[in-house]
Amino acid sequence: MSENLPRSDDLDATWTFIQPGIDQILGNDETQFAHKKVQKILSPTMYMEIYTAIYNYCVNKSRSSGHFNSDRQQPSSGSQKSILVGSEIYERLKRYLRHYISNFKREDNETFLQFYVRRWKRFTIGAVFLNHAFDYMNRYWVQKERSDGKRHIFDVNTLCLMTWKEVMFDPNSEELIKEILDQITDERDGQIIERDTITTSIKSLVALGIDPQDLKKLNLNVYIQVFEKKFLKKTEEYYQKYSEQYLETNSVTEYIFKAHEIISREEKGMAMYWDDHTKKPLSETLNEVLIKNHIDKLESEFIVLLDSRDITKISALYSLILRDFSLLPRLADVLENYIRKTGENEISKLISAHKTAVMNTTSEGTNAKKMAMASAQTLPPKDYIKKLLEVHDVFKNIVKECFPTDPLFAKALDNACRAYINNNEFALPPGSSRSATSKTSEMLAKYSDQLLKKSTKPEIANGMTDDDIITIFKFITDKDAFELHYRKLFGKRLIQESSTSSVNEENIIKRLQTENSMEYTGKITKMFQDVRLSKMFETEFETLVKSQPDFSRDKYPEAQPFILAENMWPFSYQEVDFKLPKELELSHKKLEETYTGKHNGRVLKWLWPLCRGELRANIGKPGREPFTFTVTLFQMSILLLFNNKETVTLEEIQETTSLSLQNIASSMVPFIKFKLIQQMPPGLENLIKGDTEFKLNTPYRAVKTQINFASGVKTDILTSILRNSNNTGSGAATAGQSSESENIEKALNAERQTFLEACIVRIMKTKRTLPHTTLVNECISQSHQRFNAKISLIKRAIDSLIQKGYLERGEDGESYTYLA
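So, how was this worked out
- Residues numbered from 1 in each chain as written.
- Predicted model: local features only at pLDDT ≥ 70, side-chain atom pairs only at ≥ 80, totals over all residues.
- Heavy atoms only, no water.
- UniProt positions renumbered as here; feature names shortened; annotations may be inferred.
- Helix = DSSP H or I, 4+ residues; strand = E, 2+ residues; numbered from the N terminus.
- Contact = heavy atoms within 4.5 Å.
- Pairing = 2+ DSSP bridges.
- Axes fitted to C-alpha atoms, helices over the stretch in contact; angles between N-to-C directions.
- Buried < 20%, exposed > 50% of the residue type's maximum accessible area, 1.4 Å probe, protein only.
- Expected span 1.5 Å × (residues − 1).
- Bend = angle between axes of the 7 residues up to and from the residue.
- Polar contact = N/O pair within 3.5 Å; in protein donor to acceptor, adjacent residues only side chain to side chain.
- 1 Å grid on protein atoms, 1.4 Å probe; cavity = no way out; pocket = protein on both sides within 12 Å on 5 of 7 lines; lining within 4 Å.
- Points joined across faces, edges and corners; volume = space filled by probe spheres on them.
- Nonpolar A, V, L, I, M, F, W, Y, C, P; charged D, E, K, R; others polar.
- Phe/Tyr/Trp six-rings, centres within 6.5 Å; stacked < 30°, edge-to-face > 60°.
- Lys NZ or Arg CZ within 6 Å of the ring centre and 35° of its normal.

- An unreviewed UniProt entry lists the chain under the name Cell division control protein 53, with Nakaseomyces bracarensis given as the organism.
- Regarding the chain, the relevant UniProt record gives this comment under Sequence similarities (unreviewed entry): "Belongs to the cullin family."

Take a look at the structure:
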């Protein structure tokens, strides 16, 4: 380069002076320095001479007037002002860049992609240095032109990029993108490629996205339109074909892990190639082609994995589908249906196994099948509840391990458990009416009774816990039915003192109250209170009796009275014809006098069927310890007759005790079964004949000295005898159980109707007028914590309130109005 700077007012001389330096900066092919670094081929002195030449030209022309009108800025007043110039040299540079880029030549055996990247790297480095050389023009003339609204004027670096896009990129973009995508496909196929070439070419697309209106604003238009859309389409086509071929030769489980591998490679291993903008649409594309398009197969495999209980593989499938939240509800539905069906099937298997066991232990005969069918409805409560828990625990663990913190699957587990626990072959047998109550509530109450009853055999009580009760209690829908059965059994445990401990009883009640603050927990608390008060009264009565001048145990046997609040206990009072044995008359009279004297105005109603006692019977071999019999009061009154006579007839028993045939028959069956009493003539059909005789077997032989005859009493035995005079005892037992179930069902429906009437009154007091549908929905909402209110029962409650004058139908016939 000449040591003498050109004249500052001579454009041609100035351009001739700086062009060789520009060639070296950009690495023109015509120079011997085309492939060398700019820092080494351009000395600081040469760089400063180029900068100075451009500076002198711009400054000199700016001081002149009357020239280059296109650059002139007319003064606002009459005085001459500075004129910023640069358009001529800018246009020279623009033409030079177009010519320079258009003359790039590819080397032999060089792909266009390699050629493009090689030239791009060198050109962009030179553009930065060239931008510095034209710094004065950029800061003054270019800035002034753009501030005047001329958006087609750019700083030199941007001009280089815009020229590159126009001359090199736009005419060759399709070839470039095709080669880029081919290289990416090759890498997906496992081939080794030049990653740096791909990375550089894609980054050039981002750099070429220039917004003429705002040069500082990031513009990805070129990258998105030219590369990203085609890349996503290519990705979709590639993995659609790949996934289909893979599934043809591999299992779905293997595909799940392969899909994870592909996604990880695409989103992490190959992320160096593309801009962050592509991350989301790429993920969506992968989700669509690898997951959503094969969701049916994945759901089918999910069922297979649930069958195998393979937590690792289930977790892998979940984490794959978790990428698309729209698919999770479908997977949750599959889980819910699977758990529900599994629970139902397990209960059906339990019933079948129970029937088989009964058939195997029953002697061959015409009644074996009938006994099996009857026993199917009397599953052991422990077996039934444990089977429900077994299914729940298995899937609770799967949900915890495979779907942590996902409320959708936790809800699916709850819904499924609630479904199979309340509705299965045992809980609601086929053919049950729509208004039938699930038997699970009753079985849970019986399970609780076995757990809390100290007479339960160790082999049965083993493994039973109060956690089992609370777990199932959460899921039962007919909580009021559980309340009724639980209170009934709880009351018997209290008055028979058969609970393991009061502490255990209270702990269960507290936990039930925590889970569901129902009214019955308050009733049970009152039942506890009644028992404590009864104990206090028992102590007072015993002290009073012992203070009597004529006191002796023959006159005043030990008594344990229970004074119970009628509306808190589940024992309905029914007047029974019964004549108290003379041995108990004095104690009975004294007890009534004592209580009524202490509580003036209160009325005692005796629940004779619930009374129990102990008898000492010295009827064994001479020298043997006397027997202790636990009996009902009715049984006691019958046995005491044998103190005076060895043989009594049914007619004599009726005359002496005033008991009905039903109560006599129910009391006598355990005596006959355990051979304490001999019936003459034998047979159930003779048990209710007046001339049938009963004789005490003496000396009585039994292994144990303590025998509980009260537990063998069967209700409705008379009805069973009359209905099944030609059948076995299993038919009688079934009939008795059916009758008891019917009574409980009636009591339950009565309580539910009362509850619903109270709900309706509360609702209508507030709303005053409501449409029928809204009122029904409100009732269902308020009652769901106690039971599932049937529409028919709600309608019955509404009709009852209309008859009672609380409601009236609206003129439209579809609404109700509350009557104050």
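So, next bit.
### Details of the environment of Glu301
Move 1: Residue position: Glu301 is located in helix α12 (residues 295-308).
Move 2: Expressed as a C-alpha distance, the spacing of Glu301 and Leu317, which sit 16 residues apart in the sequence, is 8.9 Å.
Move 3: Here Glu301 is in contact with Val252, Thr253 and Ile256, once residues within four sequence places are set aside.

### Thoughts on the sheet that holds strand β1 (residues 612-617)
Move 1: Strand order in the open sheet made by the three strands is β1-β2-β6, with mixed pairing throughout. The open sheet has two free edges, formed respectively by β1 and β6 (706-708), since each of these has just one partner strand. The sheet shows a mean angle of 20° between the axes of neighbouring strands, taken without regard to direction.
Move 2: Across three bridges, strand β2 (residues 627-632) lies against β6 in parallel orientation. Looking across to β6, one finds that Thr630 is bridged to Asn708.

### Notes on helix α20 (residues 466-475)
Move 1: Within α20, seven of the 10 residues are buried, leaving the element largely enclosed by the surrounding structure.
Move 2: Residues of α20 that are buried include every one of Asp468, Ile469, Ile470, Thr471, Ile472, Phe473 and Phe475, and no others.

### With respect to the sheet that holds strand β4 (residues 677-680)
Move 1: The strand order across the open sheet built from three strands is β3-β5-β4, with neighbouring strands paired in antiparallel fashion. With partners counted over all chains shown, the strands left at the sheet margins are β3 (647-649) and β4, one partner each. Going across the sheet, the axis of each strand differs from the next one's by a mean of 25°, ignoring polarity.
Move 2: Bridging between β4 and strand β5 (residues 693-696) involves four bridges; their strand directions are antiparallel. Bridged to Gln678 within β5 is Lys695.
Move 3: Along the sheet, helix α26 (residues 650-657) makes contact with β3 and β5, crossing β3 at roughly 80°.

### Description of helix α1 (residues 11-26)
Move 1: Over its 16 residues, α1 extends 21 Å from the first C-alpha to the last, a length consistent with the 22 Å expected when each residue adds 1.5 Å.
Move 2: Bending of α1 peaks at approximately 35° at the position of Gln19, with proline Pro20 no more than four residues after it.
Move 3: The set of residues buried in α1 consists of Leu11, Thr14, Trp15, Phe17, Ile18, Gly21, Ile22, Asp23, Gln24, Ile25 and Leu26.
Move 4: Of the residues flanking the start of α1, the one acting as N-cap is Asp10, its side-chain oxygen 3.1 Å from the backbone nitrogen of Asp12.
Move 5: The first or second residue beyond α1 is Gly27, which carries a positive phi of 80°.

### Brief notes about the pairing of β2
Move 1: The buried fraction of β2 amounts to five of the six residues, a majority that puts the element mostly inside the structure.
Move 2: With six bridges joining them, β1 and β2 adopt antiparallel strand pairing. Its bridge partner being in β2, Ala617 is matched across the sheet by Phe627.

### Section: the pairing of strand β9 (residues 815-818)
Move 1: Where strand β7 (residues 769-771) and β9 come together, three bridges link them in antiparallel fashion. The residue of β9 that forms the bridge with Leu770 is Tyr816.
Move 2: Hairpin connection between strand β8 (residues 807-809) and β9: a loop of five residues separates the two successive antiparallel strands, and Gly813 in this loop has a positive phi of roughly 75°.

### Re the layout of surface pockets
Any empty space left between atoms is shown by rolling a water-sized probe over those atoms.
Move 1: Considering only enclosed or pocket space, the second largest pocket measures out at about 320 Å³ in volume.
Move 2: Looking at the second largest pocket, it is lined by 15 residues, and the ones nearest its centre are Arg146, Asp155, Asp214, Leu215 and Lys216.
Move 3: For the lining of the second largest pocket, the element with the most residues is helix α6 (residues 135-147), which contributes four residues.
Move 4: Partitioning the lining of the second largest pocket into residue classes produces four nonpolar, four polar and seven charged.

### Considerations on the packing of aromatic side chains
Move 1: Scanning all chains against the criterion turns up 47 aromatic pairs.
Move 2: Centre to centre, the rings of Phe231 and Trp274 are 4.8 Å apart; their planes meet at 40°, and the pair counts as tilted. Of this pair, Phe231 sits in helix α9 (residues 221-249) while Trp274 sits in the loop between α10 (252-269) and α11 (279-291), and the two are 43 residues apart along the sequence. Of the two residues, Phe231 and Trp274, neither departs from the other in class, the shared state being buried.
Move 3: Put simply, the rings of Trp15, Tyr96, Tyr100, Phe104, Phe112, Phe115, Tyr116, Trp120, Phe123 and Trp164 pair up and form one aromatic cluster.
Move 4: If you follow Arg188 out to its NZ or CZ, it ends over the ring of Tyr238, 5.7 Å from the centre.

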